[in-house]
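Here's the letter readout for the chains.
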Amino acid sequence: MQLDATAPRVLVGDDAQPLAGHPPGLRTLFFAEMWERFSYYGMRAILVLFMVTPVAQGGLGFSTVDAASLYGTYTMLVYMASVGGGLIADRFLGAARSVFVGGIIIACGHFSMAAHSLTFFYTGLGLIVIGTGLLKPNISTMVGSLYAPGDPRRDSGFSLFYMGINIGAVMAPLVCGWLAESSTFKDWLAARGFNPAYSWHWGFAAAGVGMLVGLAVFARNRARLPSAGPTGRISEAATPQPPLTRNEMMRIVAITILFAFTIMFWSAYEQKGASLNLFARDLVERSLFGWDFPASWLQSLTPLYVILLAPIFARLWIGMGDRQPTSSRKFALGLFAIGIAMFLLVPASALTADGKISPMWLVAVYFFDVVGELLVSPVGLSMVTRLSPAKIVGLMMGAWFFATSLGNKLAGYFSGFFVANDPGALMRLYGGIAVMLMVGSFVLALAAKKIDRMAEAKD
Ligand code: GLN
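From a predicted model like this one, the values you see are computed outputs, not experimental measurements.

(A) Local environment of a positive patch on the surface. Taken together, the side chains of Arg 329, Lys 449, Lys 450 and Arg 453 make up a positively charged region of the molecular surface. If one sorts the elements of the positive patch by residue count, helix H16 (residues 423-455) sits on top with three residues. With respect to the helices and strands, the residue Arg 329 is situated in helix H13 (residues 327-351).

Structural data, given as structure tokens:
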């Protein structure tokens, strides 16, 4: 990857040079998605904190239960909207136009949240849901369409793209979190006659600026992208398709069983934007050389770990070749890994009885979160494209994101049990999730052989 040579230019992808030997369009999609994820994760890093902050300090004064529930509903809808966004691209707009329109709607959403008004807040969330539904699945489809069938660069192209996502996700909380939470920026606002309690809205606006940069990258380089039209599936849909064979059905059942387990996974993983964000704010020592860093900064850890660990996992699987665990066993291991993360939070919660704890606890928790993520997320995406019958691969991808969306809602529900000054309640919350994951991992490991047999059913 040429990420080191031209630092400022590289952030906007404004370069005709291909990215590491890939088709030129990859560079555009890499940077457009990097900035879209910057906007998504930047806003999300401060969302719950903003909602629970008292009105006098510029927040919404929601209870933890209400904030966590809205976080769950919002993140659920974002992923659910992907199902509709994919269909709209297939049938009406085409992928490129859907991405562009989606990006404009997302930017409007973030800027709407820059205003200090509850109506604009809800309008903003709604717009981001619709816009992300249009953008997120279709930009991934566009990455796939850069490569001819059988092009060996496809997987490596997706790995680079996943890196772009996570670079955006590392930067976002640092920028948006600093604007929203730091006393330095609040002082700066006050000195210039702005209301420092409204710093949150500067964070939301920064997310919108990120999306505008992504849109600019996309618009400038559109000529280098794959053709924009709908795929014409509407006419294909009208022609009768042969029914699914028995073995195809078996494979779909195997994938669906595995999807059900991913709901559990995301319900734990997405605690980071909700209850663990509050945990970081209220219960973790956040002083660095005498300076308090914003709680939301800890949100940058997971994408950072992804960037560091993803190449190691990729090399491991290639090294293991045929001896690597099947998808169902990787999922079971993934549940186990994130189960360890949640178990670590039990002693961490107990220690909060004596005061704030070291951030190293969350550094360790997020490490195991990401080990789990890398055993579930890329494995699942690859499994969907490999095992789904070709004629319904889009639908199955939609089902993957549907499971993710349910997991996100559940994450919000669990986060509603967060009580900062009750270590016992926290131990029950994280211990309960950990037990659920360990049982899930165990059950899946037992069922793995059966699921694998169904998944391997060939016609
Ligand atoms: N972190 C990845 C992204 O934002 C995957 C998220 C997910 O599938 N839940 O694209």
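Having put the structure on the table, let's press on.
(B) Structural context of the site of the ligand. Around the ligand, the neighbouring residues are Arg 37, Tyr 41, Tyr 79, Lys 136, Tyr 162, Ile 165, Trp 266 and Thr 404. Lys 136 places a side-chain nitrogen or oxygen 2.5 Å from an oxygen atom of the ligand. Considering the ligand on its own, with 300 Å² of exposed area, one finds that the protein chains cover 93% of that surface. Of all the secondary structure elements, the ones that give two or more residues to the shell around the ligand are helix H2 (25-52) and helix H6 (154-181). Broken down by class, the residue content of the shell around the ligand amounts to five nonpolar, one polar and two charged.

(C) Region of interest: helix H12 (residues 301-320). When the terminal C-alpha atoms of H12 are compared, their 28 Å separation across 20 residues agrees well with the 28 Å that a helix rising 1.5 Å per residue should span. Along H12, the sharpest kink reaches roughly 35°, centred on Leu 309 and followed within four residues by the proline Pro 311. Three or more residues of H12 are buried, namely Leu 301, Thr 302, Pro 303, Tyr 305, Val 306, Leu 309, Phe 313 and Trp 317. Against H6, helix H10 (246-269), H13 and helix H14 (360-387) lie the buried residues of H12. Positive backbone phi, at 55°, marks Gly 321, one or two positions downstream of H12.

(D) Broad picture of the state of the cysteines. Within this structure, the stated rule accounts for zero disulfides. Cysteine Cys 108 is unpaired, with the sulfur of Cys 176 as its nearest cysteine sulfur at 17 Å. Judged by its relative accessible area of 42%, Cys 108 is partly exposed.

(E) A nonpolar patch on the surface, seen in detail. On the surface, a nonpolar cluster with roughly 460 Å² of combined accessible area is contributed by Trp 178, Leu 288, Phe 289 and Trp 291. Structurally, Leu 288 is set in strand E1 (residues 287-288). Given the relative accessible area of 43%, Leu 288 is considered partly exposed.

(F) Molecular detail of the nonpolar core. Among the nonpolar cores identified, the biggest contains 131 residues, and Met 51 and Phe 279 are the most heavily contacted of them. With 18 residues, the single largest contributor to this core is H2. Excluding residues within four positions of it along the chain, Phe 279 makes contact with Val 284, Leu 345, Ala 348, Ser 349, Thr 352, Ile 357, Phe 418, Leu 426 and Tyr 430.

(G) Examining the pattern of salt bridges more closely. This model, assessed by the stated rule, comprises five salt bridges. Salt-bridge contacts for Arg 37 lead to Glu 33; the nearest nitrogen and oxygen are separated by 3.7 Å. Taken together, the residues span about one helical turn, with Arg 37 and Glu 33 both in helix H2 at a distance of four residues. Here Arg 37 and Glu 33 have matching classes, each one buried. Here Glu 33 ties to Lys 136 by a salt bridge, and the two come within 3.3 Å at their closest N and O atoms. Residue Glu 33 is found in helix H2, and its partner Lys 136 is found in helix H5 (residues 118-144); the two are separated by 103 residues along the sequence. Residues Glu 33 and Lys 136 agree in their burial class; the two are buried.

(H) Structural context of the packing of aromatic side chains. Enumeration according to the criterion identifies 26 aromatic pairs in this entry. Seen in terms of ring centroids, Tyr 79 and Phe 401 are 6.0 Å apart; in terms of plane orientation they differ by 10°. Their pairing is stacked. You can see Tyr 79 sitting in helix H3 (residues 64-93) and its partner Phe 401 sitting in helix H15 (residues 393-415), a full 322 residues away along the chain. Among the residues examined, Tyr 79 registers a relative accessible area of 7% and is labelled buried.

(I) Spatial organisation of the environment of Ala 353. Topologically, Ala 353 is positioned in the loop between H13 and H14. Of the residues examined, Ala 353 reaches a relative accessible area of 56% and is grouped as exposed.

(J) Highlighting the packing of H3 against H5. Packing of H3 against H5 leaves a shortest axis separation of 6 Å and a crossing angle of 45°. In terms of their interaxial angle, H3 and H5 are classed as oblique. H5 is crossed by H3, and the crossing has right-handed handedness. Here Leu 70, Tyr 74, Leu 77, Val 78, Ala 81, Ser 82, Gly 85, Gly 86, Ile 88, Ala 89 and Leu 93 of H3 come into contact with H5, specifically with Phe 121, Tyr 122, Leu 125, Ile 128, Val 129, Thr 132, Gly 133, Leu 134, Pro 137 and Asn 138.

About the cut-offs
Residues numbered from 1 in each chain as written. Predicted model: local features only at pLDDT ≥ 70, side-chain atom pairs only at ≥ 80, totals over all residues. Heavy atoms only, no water. Patch = residues over 30% accessible without salt bridge, like charges linked within 9 Å, V, L, I, M, F, W, Y side chains within 5 Å. Areas by Shrake-Rupley, 256 points an atom, 1.4 Å probe, with all protein chains shown as cover. Salt bridge = Lys/Arg side-chain N within 4 Å of Asp/Glu carboxyl O. Lys, Arg positive; Asp, Glu negative; His and termini not counted. Charge placed at Lys NZ, Arg CZ, Asp CG, Glu CD. Helix = DSSP H or I, 4+ residues; strand = E, 2+ residues; numbered from the N terminus. Near = heavy atom within 4 Å. Polar contact = N/O pair within 3.5 Å; in protein donor to acceptor, adjacent residues only side chain to side chain. Nonpolar A, V, L, I, M, F, W, Y, C, P; charged D, E, K, R; others polar. Expected span 1.5 Å × (residues − 1). Bend = angle between axes of the 7 residues up to and from the residue. Buried < 20%, exposed > 50% of the residue type's maximum accessible area, 1.4 Å probe, protein only. Contact = heavy atoms within 4.5 Å. Disulfide = S-S within 2.5 Å. Core = buried A, V, L, I, M, F, W, Y, C linked by side-chain atoms within 4.5 Å. Phe/Tyr/Trp six-rings, centres within 6.5 Å; stacked < 30°, edge-to-face > 60°. Axes fitted to C-alpha atoms, helices over the stretch in contact; angles between N-to-C directions. Parallel < 35°, antiparallel > 145°, perpendicular 65-115°, else oblique. Left-handed = near helix turned anticlockwise from the far one by under 90°.

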